[in-house]
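Given next are the chains, with one letter for each unit.
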Amino acid sequence: MKIRNFCLTLKNNNIKYYLSQLPDIYRTCDVPIIIVPNNYFGYLIWCIYAWYYNLEDRNYNEYKKYLGTAYYKGLSHEPLLIYCKYKSKYQLADTLFHELRHWYQQKYMKMFHTNANNYDIEI
């Protein structure tokens, strides 16, 4: 598991502890997990990764709106990377587990695919 922690106030031991609480299958995650601070510096780091992974269509409004996202490669829908914003250690655990679940669904449940617009539906 490749974890890139860009948060000065977040210790890697905290992240390792959260991950140790997950079922074994989630610890086989083969995509980078990018953790950035919830500020403009975090957005700039995210821009570098978005450029590297060819996700240039992502913008600052999307960055502000979501606490994390699991991204996939085009039509193949192969997992690409997971990014999480860090606001607090409790929020990070929730977001990290949520996005790892999406990674699992995309990797092992081949018919699964989410559309970010699903989160915008008003009930």
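Up top is the structure these notes are about.
Keep in mind that what you see is a predicted model, and the values were worked out from it rather than measured. (Residues numbered from 1 in each chain as written. Predicted model: local features only at pLDDT ≥ 70, side-chain atom pairs only at ≥ 80, totals over all residues. Heavy atoms only, no water.)

With that out of the way, let us pick up the overall build of the protein chain. If you tally the helices and strands in the protein chain, you get four helices and four strands. Taken from N to C terminus, the helices and strands of the protein chain fall in the order β-α-β-α-α-β-β-α. The buried share of the protein chain, reckoned over its 123 residues, is 41%. Restricting the contact set of the protein chain to residue pairs at least 6 apart, pairs at least 24 apart contribute 61%. (Helix = DSSP H or I, 4+ residues; strand = E, 2+ residues; numbered from the N terminus. Buried < 20%, exposed > 50% of the residue type's maximum accessible area, 1.4 Å probe, protein only. Contact = heavy atoms within 4.5 Å.)

When a strand is regular, its side chains alternate between the sheet's two faces. Buried residues dominate strand β3 (residues 68-73), accounting for five of its six residues. With six bridges joining them, β3 and strand β4 (residues 78-86) adopt antiparallel strand pairing. Within β4, the residue paired with G68 across the bridge is C84. (Pairing = 2+ DSSP bridges.)

On to the sheet that holds β4, then. Taking strand neighbours across the sheet as the criterion, the four strands line up as β1-β2-β4-β3 in an open arrangement whose pairing is mixed. Unpaired on one side and paired on the other, β1 (3-5) and β3 mark the two borders of the sheet. Pairwise comparison of adjacent strand axes, ignoring direction, gives a mean angle of 15 degrees for this sheet. Across three bridges, the pairing between β1 and strand β2 (residues 33-37) is parallel. Considered in β2, the bridge of N5 is made with I35. Each of β2, β3 and β4 touches helix α4 (residues 89-108); the most contacted strand, β4, lies at about 170 degrees to it. (Axes fitted to C-alpha atoms, helices over the stretch in contact; angles between N-to-C directions.)

Attention shifts here to the pairing of β2. For β2, a buried count of five out of five residues is recorded, marking the element as mostly surrounded by other parts of the structure. Burial of the side chains of β2 extends over both faces: I33, I35 and P37 are buried on one face and I34 and V36 on the other. Traced from β1 through helix α1 (residues 12-20) to β2, the parallel crossover comes out left-handed. (Right-handed = clockwise from strand over helix to strand, strands pointing away.)

Further remarks concern the side chain of T95. With respect to the element layout, T95 can be found in helix α4. Here T95 is in contact with L67, G68 and C84, once residues within four sequence places are set aside.

The next point concerns the pattern of salt bridges. Oppositely charged side chains are able to pair whenever their charged atoms sit close together. Across all of its chains, the model carries two salt bridges by this definition. The salt bridge involving D24 is made with R27; its shortest N-O contact spans 2.1 Å. Linking D30 and K107 is a salt bridge whose minimum nitrogen-to-oxygen distance equals 2.7 Å. In this pair, D30 sits in the loop between α1 and β2 while K107 sits in helix α4, placing the two residues 77 residues apart along the sequence. (Salt bridge = Lys/Arg side-chain N within 4 Å of Asp/Glu carboxyl O.)

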